Amino acid sequence: MSQNEGATAQPMPAAAVEPAAAQTTTTREAALSVLQWAKDNHLLSVSGMDESVEAEEEDVPIEPQQAFTAQKVQDVFRKRAVNLVGFNEPERKVVIFTKQKLSAGERKFMPGTLPGGFNVEYVHGGVAQVKGNPPAPHNHRPYFEKDGRYCCGSSVFPANCIGAGTLGFLARDADGKLHGVSNNHVSGACNHAQPGLPILAPGAVDVSADNCAPFTIGRHVRLLPINDGIPENVDISVNWDACCFEVADHDRVSSMQGNQYDTPEEVTYPVPGMLVEKIGRTTGHTHGQIVAQSASPVPVSYNVKEYGIQKVVFFEEVFIVVSQPHPFSKPGDSGSLVVSRDPHGVRRSVGLVFAGDPERGLSFILPLRPILDKLELSIVGNHNL
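It should be emphasised that the depicted structure is a prediction, and the values quoted were computed from it without experimental measurement.

### Quick look at the overall build of the protein
Next up, step 1: Across its full length, the protein carries 5 helices and 25 strands.
Next up, step 2: Across the 385 residues of the protein, 56% fall into the buried class.
Next up, step 3: Sequence separation of 24 or more characterises 72% of the internal contacts of the protein that already satisfy a separation of 6 or more.
Next up, step 4: For the protein, the accessible surface area stands at approximately 15,400 Å², while carbon and sulfur atoms represent 48% of it.

### Concerning the side chain of Thr 98
Next up, step 1: Here Thr 98 shows up in strand β2 (residues 93–98).
Next up, step 2: From its side chain, Thr 98 meets the backbone oxygen of Gln 100 in a polar contact 2.9 Å long.
Next up, step 3: Aside from chain neighbours lying at most four places away, what touches Thr 98 is Arg 80, Ala 81, Val 82, Asn 83, Val 123, His 124 and Gly 125.

### Observations concerning the environment of Asp 175
Next up, step 1: If you trace the backbone, Asp 175 turns up in the loop between β10 (169–172) and β11 (178–182).
Next up, step 2: Owing to a relative accessible area of 67%, Asp 175 belongs among the exposed residues under this scheme.
Next up, step 3: Linking Asp 175 and Leu 377, residues 202 residues apart in sequence, is a C-alpha distance of 9.9 Å.

### Things to note about the packing of aromatic side chains
Next up, step 1: Following the criterion strictly, the structure yields 10 aromatic pairs and no others.
Next up, step 2: Ring geometry for Trp 37 against Phe 68: centres 5.2 Å apart, planes inclined by 55 degrees, an arrangement best described as tilted. With Trp 37 in helix α1 (residues 27–40) and Phe 68 in the loop between α1 and α2 (71–80), the pair connects residues that are 31 residues apart, well separated along the chain.
Next up, step 3: Since its relative accessible area comes to 0%, Phe 68 is described here as buried.
Next up, step 4: Considering the side-chain rings of Tyr 150 and Phe 215, the 5.5 Å spacing of their centres and the 90 degrees angle between planes classify their relative orientation as edge-to-face.

### Some details on the sheet that holds strand β25 (residues 378–380)
Next up, step 1: With antiparallel pairing, the 8 strands of this open sheet are ordered in space as β9-β8-β12-β13-β14-β11-β10-β25. Each having just a single partner strand, β9 (165–166) and β25 make up the two edges of the open sheet.
Next up, step 2: Pairing analysis gives 4 bridges linking β10 to β11, with the strands arranged antiparallel. Directly across from Phe 169, in β11, lies its bridge partner Val 181.

### A short note on the sheet that holds strand β7 (residues 149–152)
Next up, step 1: Spatially, 4 strands are ordered β6-β7-β15-β16 in an open sheet, and the strand pairing comes out mixed. If you trace the sheet from one side to the other, it starts and ends with β6 (145–146) and β16 (261–262), each paired once.
Next up, step 2: Here strand β15 (residues 253–257) runs beside β16; their pairing, made up of 2 bridges, is antiparallel. Across the sheet, residue Gln 257 finds its bridge partner in β16, namely Tyr 261.

### Considerations on the confidence of the model for the protein
Low pLDDT means the predicted coordinates in that region are not meant to be read closely.
Next up, step 1: Here the protein shows a mean pLDDT of 89. Residues at 70 or above account for 88%.
Next up, step 2: Counted against residues more than four places away or in other chains, residues 14–22, with its pLDDT under 50, gives 20 contacts.
Next up, step 3: Counting contacts from residues 50–65, a segment whose pLDDT is below 50, to residues more than four positions away or on other chains yields 47 contacts.

What counts and what doesn't
- Residues numbered from 1 in each chain as written.
- Predicted model: local features only at pLDDT ≥ 70, side-chain atom pairs only at ≥ 80, totals over all residues.
- Heavy atoms only, no water.
- Helix = DSSP H or I, 4+ residues; strand = E, 2+ residues; numbered from the N terminus.
- Buried < 20%, exposed > 50% of the residue type's maximum accessible area, 1.4 Å probe, protein only.
- Contact = heavy atoms within 4.5 Å.
- Areas by Shrake-Rupley, 256 points an atom, 1.4 Å probe, with all protein chains shown as cover.
- Polar contact = N/O pair within 3.5 Å; in protein donor to acceptor, adjacent residues only side chain to side chain.
- Phe/Tyr/Trp six-rings, centres within 6.5 Å; stacked < 30°, edge-to-face > 60°.
- Pairing = 2+ DSSP bridges.
- pLDDT = per-residue confidence, 0-100.

Here it is in C-alpha cells:
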C-alpha cells in the first residue's frame, strides 16, 4: 500500500507539449513526469522505488494536465500503488508497474493516453529481486551437453559455495583467451571472488548421482561490481552485475545455447517491443517480450544466502521482460544470455538476465554491449558445435 493513503493527489504534470512543428518531448520524459507525479503524491509502494531518488530536473515536464485528476483514478493508484515506471520509445508508450493488480473494472476508466500522443499501459509487478537457493529444474537436468561438451545455459557456481546460476555465453579477450560469462552474483561471489577461484560445473547444489561429474570449468578473472547504496551517495554507473572466468579446457565447452541454437555473435541493443528468448539452468528455453525500459534507476533487492549477502543495489539501464503464462526466468537462471529473433529467424545477442519478479512473470535484463565493452571481451559463437 502506498504512503499517505488519505492525501489528495495533485494534478499530474504533463509531457512538455510544444507546438506540433517543434515538439521534442520523448517518451522517457513523459514517463518521468508520471514518476515525479507519483512521488509528489506518495503513490510509490514502499517495496518499489526509493522516494529519495529524484528524476533529473531537466528531463521532467512541468506543465500540468488533467489525465489523472479524476478522484476514482487517484483512488486506484492509492490502493494499488506504483512500483516502477518504464517507457517504450518506439511505440510512444508509458508503462506503469503496479504493486497490486488492477481489476477489469478499474482498467476501464484508467487513462489510456497522455497529452502529446503517449499511450499508457498498466502491468502488475515490477519489484526486482535476486534470490539464492534456486529451485530444482522442472523436467530437465540443470545443464546441457553436446557431444559430451558443456553448453551455455547450464549450471555453474564457485566451487567453495553451495548454489547455482547460469553460464550465459563464451567470449574471448584481446589475447584470444576463452572466457565464460555470467552474473557477478553467480560466479563473482557478489564482489568477493578471489582471482583464480575455481568455478564448478554444474554448481554444487546440482551435484547428484544422476548428473554429470562436476568439474572445474574455469577460474575467476574479473567482475563488474554490485555496490549497494542510493544514487545520492554512491556511483551507481559502475553497477552491472557481470563476471567472467577463464575457461580451463577449450575442448570441454560449446557455444551452443542448450540444445536449441548457437550463441549469436552479432550484438544489438535491447529495444522495448522486441521478442526475446533465453536458455537457463532452471527454466530452460523460454520466450518473452521486452515491455519497457525503466525511466529511472531501478533498486534491486539482493538476498543471496550462499554468500551471506542482503542489500539493495541500483542500476541505471534496465529492461523489463514479460512472459505469460510461464515466467521468462526464475532463480538459478541468473546469467542467462537473452537473444532477439527477427521475422527472418535471425538471432542477435541483446542482454543478460540478472533479476526477476517471477510471481508476476517479469524478468529484468541488462544490455549486453556495455558489459562486453567493460569486460573487454568479444562474444564467441561456432565453438565446438
